[in-house]
Amino acid sequence: MTLSDGRDTDAHHRTDRPAQAASEFVQLLDPDGARVSAPGYDQWIADLDDAALLALYRDMVVIHRVDAEATALQRQGEIGLWPPLAGQEAAQVGSAHALRDDDFVFSSYREHAVAWCRGLRPEDLLKVWRGVAGSGWDPYELGMATPQIIIAAQTLHAVGYAMGIQRDGTDQAAIAYFGDGATSEGDASEALVFAATYKAPVVFFCQNNQWAISEPVGLQSPQHLAQRAAGFGIPWMRVDGNDVLAVMAATRIALERARTGGGPTYIEAVTYRMGPHTTADDPKRYRTDEELDDWRGRDPIARLEALLRSRGALDDDGASDIAREADAAAAAVRAACVSLPDPEPLSIFDHVYAEPNSHVDRQRDHYARYLAMFDEPGTGGEGGRA
Amino acid sequence: MTLSDGRDTDAHHRTDRPAQAASEFVQLLDPDGARVSAPGYDQWIADLDDAALLALYRDMVVIHRVDAEATALQRQGEIGLWPPLAGQEAAQVGSAHALRDDDFVFSSYREHAVAWCRGLRPEDLLKVWRGVAGSGWDPYELGMATPQIIIAAQTLHAVGYAMGIQRDGTDQAAIAYFGDGATSEGDASEALVFAATYKAPVVFFCQNNQWAISEPVGLQSPQHLAQRAAGFGIPWMRVDGNDVLAVMAATRIALERARTGGGPTYIEAVTYRMGPHTTADDPKRYRTDEELDDWRGRDPIARLEALLRSRGALDDDGASDIAREADAAAAAVRAACVSLPDPEPLSIFDHVYAEPNSHVDRQRDHYARYLAMFDEPGTGGEGGRA
Amino acid sequence: MSTLTLGQALNAGLRRALEDDDHVVLLGEDIGTLGGVFRVTDGLQRDFGDTRVVDTPLSEAGIIGTAVGLAYRGFRPVCEIQFDGFIYPGFDQIVAQVAKLHARTQGRVRMPLTIRVPFGGGIGAVEHHSESPEAYFTHTSGLRVVACANPQDAYTMVRQAIASDDPVLFFEPKRRYHAKGEVDVDADLADAPPMGVATLAQRGDDVTLVTYGALVQVARDAAAAAADDGVSIEVIDLRSLSPVDYPTIEQSVRRTGRLVITHEAGQQGGVGAEIAASITERCFEFLEAAPVRITGHDVPYPPAKLEQHHLPDLDRILDGVDRVLGRPNSLTGVEG
Amino acid sequence: MSTLTLGQALNAGLRRALEDDDHVVLLGEDIGTLGGVFRVTDGLQRDFGDTRVVDTPLSEAGIIGTAVGLAYRGFRPVCEIQFDGFIYPGFDQIVAQVAKLHARTQGRVRMPLTIRVPFGGGIGAVEHHSESPEAYFTHTSGLRVVACANPQDAYTMVRQAIASDDPVLFFEPKRRYHAKGEVDVDADLADAPPMGVATLAQRGDDVTLVTYGALVQVARDAAAAAADDGVSIEVIDLRSLSPVDYPTIEQSVRRTGRLVITHEAGQQGGVGAEIAASITERCFEFLEAAPVRITGHDVPYPPAKLEQHHLPDLDRILDGVDRVLGRPNSLTGVEG
Ligand SMILES: Cc1ncc(C[n+]2csc(CCOP(=O)(O)OP(=O)(O)O)c2C)c(N)n1
Ligand SMILES: Cc1ncc(C[n+]2csc(CCOP(=O)(O)OP(=O)(O)O)c2C)c(N)n1
Ligand SMILES: [Mg+2]
Ligand SMILES: [Mg+2]
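Predicted, not measured: the structure shown is a model, and the values here were computed from it.

Novice: So what's going on with the site of ligand 2? Which residues, and what values?
Specialist: Surrounding ligand 2, one finds 20 residues, the nearest of these being Tyr109, Arg110, Ile149 and Gly181 of chain B together with Glu60 of chain C. Nearby residues place ligand 2 at the junction of chains B and C. Asp180 of chain B has a polar side-chain atom sitting 2.9 Å from an oxygen atom of ligand 2. Here ligand 2, which alone exposes 580 Å², has 96% of that area covered by the protein. Partitioning the shell around ligand 2 into residue classes produces ten nonpolar, five polar and five charged.

As structure tokens, this is what we get:
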């Protein structure tokens, strides 16, 4: 009659280091690039031929290069801030390649690779980070919402969007990307509640990159994050997030469930943020070189390259071609970034409302008069001060 | 390597009726009053002699009667609102009897029996509901916070209090009472996160009374609420909430864990709200007579009475004595209620701040002048209007 | 014309919106089978089904946050917050998402949410059930904030709010839910005054009295009482709290030279502060006296037995009228 | 006397509070090992241990809500909200619990929380990192709200806030974290001006200019520029936003007859509205012109490249000064 004798199910406790073993996960491609088998998952990537694998590799290499360029642009003062994704290429590219164009993505601020795979224009990547716009792209064009900065808020948006899909009766899906730290916010749990209750066609994609700024994942949970989903009645998978094949397989499984009325799925992709939280962060304050070295040995790109080479699908020339392509993409992003025009001062009042608004319209008018003083010295009195 | 093949762990879905079976729980006393055995639990109530069992019975009978009196007082216009606890006597009395005086309770608005067991004075029960005060009692005197109306907010308070216990190094515990509906609020999940992370000495006591106003528990979760705790790394128990012995055993287990550094525990007590949500509610709109009848057959008081009679610890005379005691308590509550003095008008400004506050002090002064106009007609001009 | 209570008028307006646009979706706690704790959504789930009228789990952030997602997908969500005091768990989603998404996306994503909030006191309720949180939202750029005061406006304005492409906080004066009035349910929406304009609830010449929600009726009663006393009060029903229809107020104040604002919310930082400051800016030379605010005290909403001392009533409003007229009043002789 | 940045002064004040009272507990995201994203808590966890300086899970409701529980138990929690724009998930706990518990319990339970919030713009940040949410809290009865503007006040006021038995929203002008000043770290707290009083940042006779936080320095610069122009501006550093020290402002306005208020937060329902309305009530007959508000626009905080057009700066403040003086200004000739 006893479902659980409470006294035996003892929970782990946070230690100084993350308490979570980073190894209990599904893996299809080991760090050396060897294909390993995982029953229930293998068939979901069986269709990937050399071309498809190369496409994954190309996107990962390119975005890795573009990410580094963005960091450089920040160092050079061309953009204000950058949250690097380095280390998370497989988690992002693998999941993005599983999506259909008509699925819809709700992400955090770090999913540059997802946006890239969805057809991002180079000039749109850095608009936000250069401070010229509130969003880089048209969400409806990319099938991807404006990245979210309020931790976990987007998880609810994804569920709501999925509820909309249900009402429209299509077989699309929504996917929410969020971090390990985000799992602690109330919104993230409420999203699981709503998704489970309405069986919404949504995929919760948690990139557990081990850190929320300076806080190890063990501070958010004493056990695997994926297990949280089970508590809400949502099926879950925990995959090697540096293994692009495992990520893709899991995401395809989840999407298929969503499309066929099976409701939500939770994926924890175990990965690592190799760089700082953002360019404003100093990770040396909170983590060790050993930890970094350890994760360097599990690099997501190197292992896919090894697989491709072992399959004869990539040689040095091929790799150089892709590297050149990556350089070109980085150059395009740089060129686009530095030539982004500054926004018009009065655009500050645009789009606050969709409809005319007497209050904002008046403030615009007043501010226009104020600015005009500087254009026409003498007419406005004190215009000469500036 | 696969921890969970996501495709097999399919979650249930809400149906029109609550999807949760109300039977998979720990039981020590069946609806007929027969003592049944549950390994791991029996020994936690082995010490209860006839006197202790009678004390449980007395509290349940008395609070049941007092609860009915409060409903009557509302119907007669003596109080504005009342949330009846009928049906939940075992869950509340059983858990309260497991507590020590120096433990601390954070409850919702329905835990009248808990307050009663902690020594509530009759005149303090209805102050809030009669609208004469913001809280009925001194939290430090009763070891029980002012009941919480904002759903789930108190769960975080309990965890914070428990973190304070940890800092003081004592073996006290905090307990949070909340309902099935409350489990959906972000606060409730964040409380689990904090409790698990810090291993706080707190007991989460969920009274699943099947309904959150008109919403069946299946709308909050497709599976047992207790399982949610597991997802956060917190051990849990699910007990028959109409079985005072099972409730008491589980609470003792949880408290013992808390006192000995074992951290939080989650208890789901499966029970039923026999009355309306509050006196303002009309449950006929959302639930059936059959359901009510079904639960009437699982009455928490009747089964304890049957046990006591079978042990020879209670006879008709004893039962009448306790019934009289209950009537006396109800009469005391009524008498205290109707003679509660109305608060002083200017007390509206008391205690807004603990320290002098120029703004509120000025408003008090102004309002005092305003009121004075009515006392001294002619001096304040328009005082005669009222 | 039908005679409806304010609550029934809202129900009729919601029904009409559900009929007119199948992208309208109602979300809230207990709004389905129960029809809401105030029965404002009574019968709607029965008639439109549970995908149009959705009982949600107990989570206000969840209600607003999923509504944002629905809006992303092209729906027009109408969220019910059960009582004013329960809106705060949804505050982040409202302030950081609902209010900002249209601007954030340079107008690409619309947030045509309507967030219905029964507000205000006077019903003898326990804590958290009598609050007036509207000023939090008027201070939030990107939101529109309105309050209805009578059945006709309830019916019309809720439809206008739902039809608006901007997010609207829609405040319903809960103590007036049972007040009856004539409602023209067939009138063309296009003929109704726009949601953003204030209306004259009572013409007058000596003092301009501005209010909204449940206090509109109290203000009219005060005007009637003052008339007996020879004072002519013009009562303006604001209706829109953001943006405020300043031209209408200005026109009145230029005539009367005297302004009293009354609301149930606390004074400090309330809607009255903004109106007093703005009208002083706009009409300084017309003002014969400083604008006076008659409001709830700056205290947590008190227990029921004290709410009569908290809420502006006829006498307190008239005391304010006396103050702005320089007649003897409760603050006569008080400095500063 | 030591020369400290404003950030270092806060650090020293927090350190002192931790030393003076072992019931002081710091809670926040990244405040431990990292020392906070602004390093305001640098070294404190090392020196006081991780039960005194606590890295919390990512949840603002959790931070505030557990702090309420700690306060129930007799602790003095000091919560750090990482950036202004992240306070909203904790809003319910602040408004419905922290602000109300002392009143709710008739004074039996004290809520001596300090909630530290780096606020304001001017640092070229992305969205949600430059907000000025203070008016939401000044409109919330039961809270005290303060803002420091210089290192000495940062040091003193954070200690006063922690020592206060009332909950205090403590706003830190993040763009001034690196500004240096002299700090007397040994002075007796009892000798310092109380947290509730405003101070004169600059004496002057023609116009009273009221502000707080980062704009105090801008206001002083404006005063210096105006002086060259023959206009004497008195700058008042509010320090306490709730309650406001009206006697100090009144005294000044009675002399100058002219009031300009400036803040980064939006105008509608901002702190300036309350001050304009209150000073008009208190000093109507002394006012030569309507109080003028120079504020952030009522728009969501704009992208970094536009923030110079959003934030009040020296020129916009002087334009406001011209307006209140009736000199030619940007609104010359504009009606109403
Ligand atoms: C509500 C809220 N609180 C705090 C922050 C500040 N913040 C930005 S990123 C971050 C850490 C997020 O960690 P995680 O979810 O693991 O994502 P990651 O950055 O590792 O991708 C924090 C605390 C925020 N953006 N929003
Ligand atoms: C934040 C918040 N939202 C909504 C409400 C309105 N409300 C009061 S009780 C209740 C249902 C609570 O159900 P449950 O948690 O199961 O407790 P029960 O009433 O059954 O004891 C609701 C929605 C509230 N008090 N607080
Ligand atoms: Mg992370
Ligand atoms: Mg319930």
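Novice: Can you tell me about the domain arrangement of chain C, naming the residues and giving the values?
Specialist: Residues and elements named next belong to chain C. Domain annotation for chain C reports domain 1 (2–191) and domain 2 (199–325). The centre of domain 1, based on its C-alpha atoms, is set 26 Å off from the matching centre of domain 2. Domain 1 puts 25 residues into the contact, and the matching count from domain 2 is 22 residues. The contact between domain 1 and domain 2 buries some 1,800 Å² in all, and 54% of this surface belongs to carbon and sulfur atoms. Between Asp153 and Arg239 there is a salt bridge whose closest N-O contact spans 2.8 Å.

Novice: Mind laying out the coordination of the magnesium ion (ligand 4), listing which residues take part and the relevant values?
Specialist: All names here are of chain B. Bound to the magnesium ion (ligand 4) on the protein side are Asp180 (OD), Asn209 (OD1) and Trp211 (O), at distances that span 2.1 Å. When the donor residues of the magnesium ion (ligand 4) are listed from N- to C-terminus, their spacing reads D-x28-N-x1-W. Here the two residues Asn209 and Trp211 agree in accessibility, since each one is buried.

Novice: Please set out the interface of chain C and chain A residue by residue, giving values where relevant.
Specialist: With 47 residues of chain C at the contact, the number on the chain A side is 43 residues. Contact with chain A buries area across many residues of chain C, yet Tyr72, Arg73 and Arg108 of chain C alone supply 21% of it, more than any other trio. Along the contact surface separating chain C from chain A lie one salt bridge. Between Asp168 of chain A and Arg73 of chain C there is a salt bridge, with its nearest N and O atoms 2.9 Å apart. Linking chain C to chain A there are 26 residue pairs in polar contact (both at pLDDT 80 or more). Elements represented by at least two residues in the side of chain C that touches chain A include exactly strand S2 (24–28), strand S3 (53–55), helix H3 (60–72), helix H4 (91–98) and helix H5 (101–104) of chain C.

The rules behind the values
- All residue numbers refer to position in the chain's written sequence, counted from 1.
- For this description, chains carry letters from A and ligands carry numbers from 1, given in the order in which they are written.
- Only residues with pLDDT of at least 70 are given local features in this predicted model, and only at 80 or more are side-chain atom pairs given and counted; all residues enter the totals for whole chains, interfaces and linings.
- With hydrogens and water stripped out, all remaining heavy atoms of the structure feed into the side-chain values.
- Definition of nearness: a residue and a molecule or strand are near each other if at least one heavy atom of the residue lies within 4 Å of the molecule or strand.
- Within 3.5 Å is the distance limit for a polar contact, defined as a pair of N or O atoms, with the added protein rule that one can donate a hydrogen and the other accept it, and that residues adjacent in sequence qualify only through two side-chain atoms.
- Only the protein chains shown count as cover for residues, with accessible areas throughout obtained via the Shrake-Rupley method and a probe of 1.4 Å.
- Basically, the charged four are Asp, Glu, Lys and Arg, the nonpolar ten are Ala, Val, Leu, Ile, Met, Phe, Trp, Tyr, Cys and Pro, and anything else, Gly included, counts as polar.
- Here the bounds of each domain stem from an automatic or database domain assignment.
- In what follows, residue pairs with any heavy atoms lying within 4.5 Å of each other are defined as contacts.
- Two parts placed together each lose some accessible area under a 1.4 Å probe, and the buried area is that loss summed for both.
- Within this document, salt bridges are pairs made up of a side-chain nitrogen of Lys or Arg and a carboxyl oxygen of Asp or Glu, the two lying within 4 Å of each other.
- For Na, K and Ca the donor cut-off is 3.2 Å, while for other metals it is 2.8 Å, and in both cases only N, O and S atoms qualify; water is not among them, so sites may look incomplete.
- Buried residues are those whose accessible area, probed at 1.4 Å on protein chains only, stays under 20% of the maximum for their type, while exposed residues exceed 50% and partly exposed ones sit between those limits.
- Strands are runs of DSSP state E lasting at least two residues, helices are runs of H or I lasting at least four, and both sets are numbered from the N terminus onward.

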